[in-house]
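Breakdown of the fold
So the chains spell out like this:
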Amino acid sequence: MNKIILLACCTFFFTSCGTTDTSISTSTFTGDGFSISAPSTWITVDKSALPATKNGTIALALTSTDIVSGYSNNMSIIKEKMTEIMTSKKYSIVNYALTTGAYQEFVKLDENTITFGDKDESNLYIFEAKYNMNTPKQKFLQTAKVCGDTVYLMTFGLGLTTGSTTKYEDMIKTFNCSN
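Computed from a predicted structure; not experimentally measured.

Observations regarding the overall build of the chain
Broken down by element type, the chain carries three helices and ten strands. Each helix and strand of the chain, placed in order from N terminus to C terminus, yields the pattern α-β-β-β-β-β-α-β-β-β-β-α-β. Sorting the 179 residues of the chain into buried and exposed places 51% on the buried side. Look at the contacts in the chain between residues 6 or more apart in sequence, and 60% of them connect residues 24 or more apart. Accessible surface for the chain amounts to roughly 7,900 Å². Of this, 52% is attributable to carbon and sulfur atoms.

In structure tokens:
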């Protein structure tokens, strides 16, 4: 499970703060084995701009075109084959436990159960943290979805000025396995 920390850290390469993205229009984005709705104004990050991961791969990275102070709201999905059978809910709980020690100034804001379209449940964690002392504090939404023997770790990185996260939670629930 230590590799989960590394994978989660890599997702935050796309740090964000204080953007003004208020778009609620969404589009469906697809990756290898899944689809998900995200803001239609967001763009796919070129694979050459993505960091290398020790385990798993970044299956999808999106970023807002609104940039404030050099940062933008973003979403990343890391895909990894699982070595042991685990439910989406259990994976999200274990990943969260490892995540809490991986960041600076970590503050848990909320935790709730979400249900995907296929009735699979997972825990959704909302927290504020700094990736390291050189990055701004951000608001994160994070959960996991297991599709067969593959897990997808989903993370939205949002500016601290983001009020309600309901629209992002609703987008996460649209994640659909397409294996």
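Some details on the side chain of Lys-139
Here Lys-139 is to be found in strand β8 (residues 138-147). One buried charged side chain, Lys-139, makes no salt bridge at all; its nearest oppositely charged neighbour is Glu-128, positioned 5.1 Å away. Within the local environment of Lys-139, its side chain forms a polar contact with the backbone oxygen of Gly-163, the two atoms lying 3.4 Å apart. Here Lys-139 is in contact with Leu-109, Ile-126, Phe-127, Glu-128, Phe-156, Gly-157, Leu-158, Gly-159, Leu-160, Thr-162, Gly-163 and Thr-165, once residues within four sequence places are set aside.

Examining the sheet that holds strand β1 (residues 26-31)
In spatial order, the strands read β1-β2-β10; together these three strands make up an open sheet with antiparallel pairing. Taken across any chain shown, the strands that pair with only one partner, and hence form the sheet edges, are β1 and β10 (176-177). Sheet analysis places strand β2 (residues 34-39) next to β10, joined by two bridges and oriented antiparallel. Pairing of Ser-35 across the sheet is with Asn-176, part of β10. Against the sheet, helix α3 (residues 166-173) engages β1 and β2, with an angle of about 160 degrees to β2.

A few points about the packing of aromatic side chains
Enumeration according to the criterion identifies 14 aromatic pairs in this entry. Look at Tyr-96 and Tyr-125: their rings are 3.9 Å apart centre to centre, the planes differ by 5 degrees, and that puts the pair in the stacked class. With a gap of 29 residues between them, Tyr-96 in helix α2 (residues 88-99) and Tyr-125 in strand β7 (residues 121-130) connect regions that are remote in the sequence. For Tyr-125, a relative accessible area of 4% puts it in the buried group. Three or more aromatic residues joined by ring pairs make a cluster, and in this case those are Tyr-96, Tyr-103, Phe-106, Tyr-125, Phe-127, Tyr-131 and Phe-140.

Section: the pairing of strand β5 (residues 74-81)
With respect to burial, β5 is a largely interior element, seven of its eight residues being buried. Sheet analysis places strand β4 (residues 57-63) next to β5, joined by six bridges and oriented antiparallel. Paired with Ile-58 across the bridge in β5 is Ile-78. Here β5 pairs with strand β9 (residues 150-158) via eight bridges, running antiparallel. Pairing of Ile-77 across the sheet is with Met-154, part of β9.

Quick notes on the sheet that holds β5
Taken in spatial order, the seven strands make up an open sheet running β3-β4-β5-β9-β8-β7-β6, and their pairing is antiparallel. The sheet terminates laterally at β3 (43-44) and β6 (104-115), the two strands that pair on one side only. α2 rests against β5, β6, β7, β8 and β9 of the sheet, and its axis sits at about 15 degrees to β7. The strands that α3 touches are β6, β7, β8 and β9; relative to β9, the one it contacts most, it runs at about 165 degrees.

What counts, and where the lines are drawn
Residues numbered from 1 in each chain as written. Predicted model: local features only at pLDDT ≥ 70, side-chain atom pairs only at ≥ 80, totals over all residues. Heavy atoms only, no water. Helix = DSSP H or I, 4+ residues; strand = E, 2+ residues; numbered from the N terminus. Buried < 20%, exposed > 50% of the residue type's maximum accessible area, 1.4 Å probe, protein only. Contact = heavy atoms within 4.5 Å. Areas by Shrake-Rupley, 256 points an atom, 1.4 Å probe, with all protein chains shown as cover. Lys, Arg positive; Asp, Glu negative; His and termini not counted. Salt bridge = Lys/Arg side-chain N within 4 Å of Asp/Glu carboxyl O. Polar contact = N/O pair within 3.5 Å; in protein donor to acceptor, adjacent residues only side chain to side chain. Pairing = 2+ DSSP bridges. Axes fitted to C-alpha atoms, helices over the stretch in contact; angles between N-to-C directions. Phe/Tyr/Trp six-rings, centres within 6.5 Å; stacked < 30°, edge-to-face > 60°.

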